[in-house]
Structures are given as C-alpha cells and as structure tokens.
Amino acid sequence: MLRLTIGRAATEQERAAFVQGFAARERPIPPVLRGLLAVPSARALIGQLSDHLLVAARHTEPDAYPADPPALGGNLFTMSNGPPLGFLHFEKCGGIALTRWLTQQFHPRQINADPYRDLAPHLYERLDNFAPYPLVWGHYDLALLTRDDPARRIISLLRDPCDRLESLYHFWRSVDPAQFDPDLAFAVARAHRWPIEAFLDCDDPLVLDLIDNVYARRLTGLYASGAAVDPLVADPESALNRARAALDQLAAVGITERMDESVAHFAACLGLALPREELRANVTADNYLTSGGFFRPMSRPTRSAAVQAALEQRTVLDRTLYDRAAARLQQCHAELVEPA
C-alpha cells in the first residue's frame, strides 16, 4: 500500500513510520490511512489529492468559475489560530510565489474563495463579507481588505515601480490573442495594439487606474475612474501623504528584489516557519512553458531612454512609496539579524 501510494520503494524510515502510524490508535480513522498519514511523502500526496477534490467541489458550476490552483488552495492538515491576515497583492510583484507559502498556513475553508481575485477593485465590486475568513488575498485595495474587519493585519510586497509596470505590459502582451475577449480585457488588448510608449500615454481612466501610481491608488482608494478630475492629479501631495500614512499602517511590507529578507520579515512578524524552498513563480518569460497555450513566448527589448522617462512619469508617487518601504525593510531586517 505504501509503495503504491508514493510510487516507489519506501525507505527504511518510511516503512517504520508507516508501521508506527498503522499501530497507533489515537486517531479514529482506518489503520491503513493512519499509516499513510504518518509518512511525510504519502501525507503530502494525500493532501494534494484532497486539495483537488475540495477545489472541484467549491463551486456548484465549476465550468463557470475558474478554481484556484491546488497550490493556492490551502492546507487541509492545518488550521490557523492567529489573527486575521490580508495580503494586498500588486500585480507582477512576486505575489503568487508568496501566496503559495502563505496559503499553506491556512485550511482551505479559512481562505476567501473569490474566483475573480485577479480583477482590480475599480473593475469589480465585491459585496461578500470577508470577516469570517482568516486569510483574504487578491488584487484588492486597502479599503476592501479592512472593510469588514478593520483590525485585520495587512501585508504587502512592492517591486521597483518602473520594473513592475514594464513587466506588467510585457505580461499582458504575452497572453495569446486567441485566449481573451478584447472588449472585456481592454487593457490587455491595448498592450497588444500599442508600443509601450503609446500604451503608457493612455488617458482612459479605467486603464490609468491599472498603470498609473497603482501603489498610491490602492493604498488610498483614490481612482481616476468615476471622478470628474483624477484625485492624484488634482492634489498629488495630499494623495501621497495619505498613501504614506496607509503604508505605515501595514503590519509588514516586503520588497520583491529582496525576497529572502522580505520572507524572513513576514515569517517573524506573523509567527510562521520559513518556507523550505526559494519563492519564485509566475515569471513572464517562462509562462508559456506551463500554461497550456494561454501564453506565448515573448522577447523583451532593451529599455530605451524614452521608455524609461515614460515609466518614471507614471510612477512618481509610487517611487516615493517604494523607497519608503525599502528603508523600512532594511531597518526591520537589521533588527531581525542583530545578535541577541
């Protein structure tokens, strides 16, 4: 049974663990399952299978609602007893890699199951109550994450604003044109139609809220969509002050370029064990290898001076916030590694 479960001959330690688990009577489950759960390699496989079954049963219409990948579905063999946590996930900041680690600290039923968590808050209104969920994550904004539970601890991960925005543009361009409706995925369609300088020169409020000072907008809830005058244009200093104050209220902030330090900071702040492996996921250049045709291979040209200027113009406020977060991480990491 053990060999057929793990797909190979068991080691001596694994056989001993199976025997011990089989003989134990503390768990009110069949002996064979007790034995398998006592072997780490078998337990991991059973957990993955359970994740698949749970995700498949999560929706009454599975074809209409894309399920979370099992790696982001939580861990059936744990239950978080800590304070509620929210992850403010900015696109192209390494958030999926971080979320793979975070979600493993929570049972699947402790995680909000929003099938449209990839839609920005100004594009999709969410009326569900997030308060019952110990973990809430997605491309939300700070107001939404704390709406139903003001005491929820919020963490986030920031990347160099110019690099993040350029990466987002190329990520959208890497989506195969046959895989999206250009009327619905209007920003992706615009990235396909325009070179990056023209793309960044956009004046459509719905697109601006996706590419213009996104850190500042989602920390403050100040969007161009629906406003007579873009509030970041009308009073940028006030918007920046509000964004700084919001950033300082977050429980922890990491930096993508310093992922190891960031994860160590998150783990210490949240009382979690460090991940066993280096966090890395959703790399645009590699997406086409595992996407089943959703993405296409793309080459990225060298960034010109004109592109650099256009990127900087779209990220003036975000640059200040990023630098502030980087300084905060440096101080927190120094305190973390300081000898006792």
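Residues numbered from 1 in each chain as written. Predicted model: local features only at pLDDT ≥ 70, side-chain atom pairs only at ≥ 80, totals over all residues. Heavy atoms only, no water.

1. Notes on the packing of helix H7 (residues 161–173) against helix H8 (residues 186–193)
Phase 1: Interhelical geometry of H7 versus H8 gives an angle of 90 degrees and a closest axis separation of 8 Å. The orientation of H7 relative to H8 falls into the category roughly perpendicular. Between H7, through Tyr169, Trp172 and Arg173, and H8, the contact on the second element is made entirely by Ala187, Val188, Ala191 and His192.
Phase 2: Taken together, the residues that form the contact of H7 with H8 break down as five nonpolar, one polar and one charged. (Axes fitted to C-alpha atoms, helices over the stretch in contact; angles between N-to-C directions. Helix = DSSP H or I, 4+ residues; strand = E, 2+ residues; numbered from the N terminus. Parallel < 35°, antiparallel > 145°, perpendicular 65-115°, else oblique. Contact = heavy atoms within 4.5 Å. Nonpolar A, V, L, I, M, F, W, Y, C, P; charged D, E, K, R; others polar.)

2. Describing the packing of helix H5 (residues 95–103) against helix H14 (residues 259–270)
Phase 1: The geometry of H5 relative to H14 is characterised by a closest axis approach of 12 Å and an angle of 30 degrees between their N-to-C directions. The orientation of H5 relative to H14 falls into the category roughly parallel. Here H5 runs over H14; the crossing is right-handed. When H5 is examined against H14, the residues Leu98, Trp101 and Leu102 are found in contact with a partner set consisting of Val263, Phe266, Ala267 and Leu270.
Phase 2: Per-class residue counts for the contact of H5 with H14 are seven nonpolar, no polar and no charged. (Left-handed = near helix turned anticlockwise from the far one by under 90°.)

3. As for the pairing of strand S3 (residues 153–158)
Phase 1: Of all six residues that make up S3, five are buried, and the element is covered over most of its length.
Phase 2: Pairing geometry for strand S1 (residues 85–88) and S3, over four bridges, is parallel. Residue pairing in the sheet places Leu88 in a bridge with Ser156 of S3. (Buried < 20%, exposed > 50% of the residue type's maximum accessible area, 1.4 Å probe, protein only. Pairing = 2+ DSSP bridges.)

4. Observations concerning unusual backbone geometry
Phase 1: With a phi close to 60 degrees, Lys92 is a non-glycine residue in the positive phi region.
Phase 2: As for its placement among the helices and strands, Lys92 is situated in the loop between S1 and H5.
Phase 3: By relative accessible area, which is 10% here, Lys92 ends up buried.
Phase 4: With a phi angle near 45 degrees, Asn213 is a residue other than glycine that sits in the positive phi range.
Phase 5: Mapped onto the elements of the fold, Asn213 is located in the loop between helix H10 (205–211) and helix H11 (214–220).

5. Focus on the environment of Arg328
Phase 1: Residue placement: Arg328 occurs in helix H16 (residues 316–337).
Phase 2: For Arg328, a relative accessible area of 23% puts it in the partly exposed group.
Phase 3: Ignoring sequence-local partners within four residues, the contact set of Arg328 consists of Leu247, Asp248, Leu250, Ala251, Ala252 and Val253.
Phase 4: At 3.3 Å, the side chain of Arg328 and the backbone oxygen of Ala251 are in polar contact. (Polar contact = N/O pair within 3.5 Å; in protein donor to acceptor, adjacent residues only side chain to side chain.)

6. Observations regarding the confidence of the model for the protein chain
Phase 1: Across the protein chain, the average pLDDT comes to 89, with 90% of residues at or above 70.
Phase 2: Low pLDDT, under 50, characterises residues 64–69; the predicted model gives this stretch nine contacts beyond four residues in sequence or across chains. (pLDDT = per-residue confidence, 0-100.)

7. Considering the packing of aromatic side chains
Phase 1: By the definition in use, this model includes eight aromatic pairs.
Phase 2: Arranged with centres 6.1 Å apart and planes meeting at 35 degrees, the rings of Phe18 and Phe22 form a pair that is tilted. Here Phe18 pairs with Phe22, and both are found in helix H2 (residues 12–23), just four residues apart, close to one helical turn.
Phase 3: Residue classification places Phe18 among the buried positions, given a relative accessible area of 17%.
Phase 4: Residue class for Phe22 comes out partly exposed when judged on its relative accessible area of 37%.
Phase 5: An aromatic cluster of at least three residues, connected via ring pairs, comprises Tyr169, Trp172 and Phe199.
Phase 6: Lying across the ring of Trp137, Arg117 places its NZ or CZ 4.1 Å from the centre.
Phase 7: One Lys or Arg, Arg147, reaches over the ring of Phe130 and ends 5.7 Å from the middle of that ring. (Phe/Tyr/Trp six-rings, centres within 6.5 Å; stacked < 30°, edge-to-face > 60°. Lys NZ or Arg CZ within 6 Å of the ring centre and 35° of its normal.)

8. Concerning the sheet that holds strand S4 (residues 252–255)
Paired through their backbone hydrogen bonds, the strands of a sheet run either parallel or antiparallel.
Phase 1: One open sheet accounts for four strands, arranged S2-S1-S3-S4; its pairing is parallel. Where the open sheet ends on each side, the last strands, each with one partner, are strand S2 (135–138) and S4. If you compare each strand with its neighbour and ignore which way they point, the axes differ by 15 degrees on average.
Phase 2: In this sheet, S2 lies alongside S1 in parallel orientation, the contact comprising four bridges.

9. Topic: the side chain of Arg126
Phase 1: Inspection of the secondary structure puts Arg126 in the loop between H5 and S2.
Phase 2: Polar contacts involving the side chain of Arg126 include one to the main-chain carbonyl oxygen of Tyr116, which spans 2.6 Å.
Phase 3: In terms of polar contacts, Arg126 uses its side chain to reach the backbone carbonyl oxygen of Tyr124, at 3.2 Å.
Phase 4: For Arg126, the residues in contact, after removing those within four places along its chain, are Asp114, Tyr116, Arg117, Leu119, Ala120, Pro121, Tyr140, Leu144 and Arg147.

10. Concerning the environment of Tyr169
Phase 1: Turning to its location among the elements, Tyr169 is positioned in helix H7.
Phase 2: Along the sequence, Tyr169 and Thr146 sit 23 residues apart, while their C-alpha atoms lie 29 Å from each other.
Phase 3: Within the local environment of Tyr169, its side chain forms a polar contact with the backbone oxygen of Trp194, the two atoms lying 2.6 Å apart.

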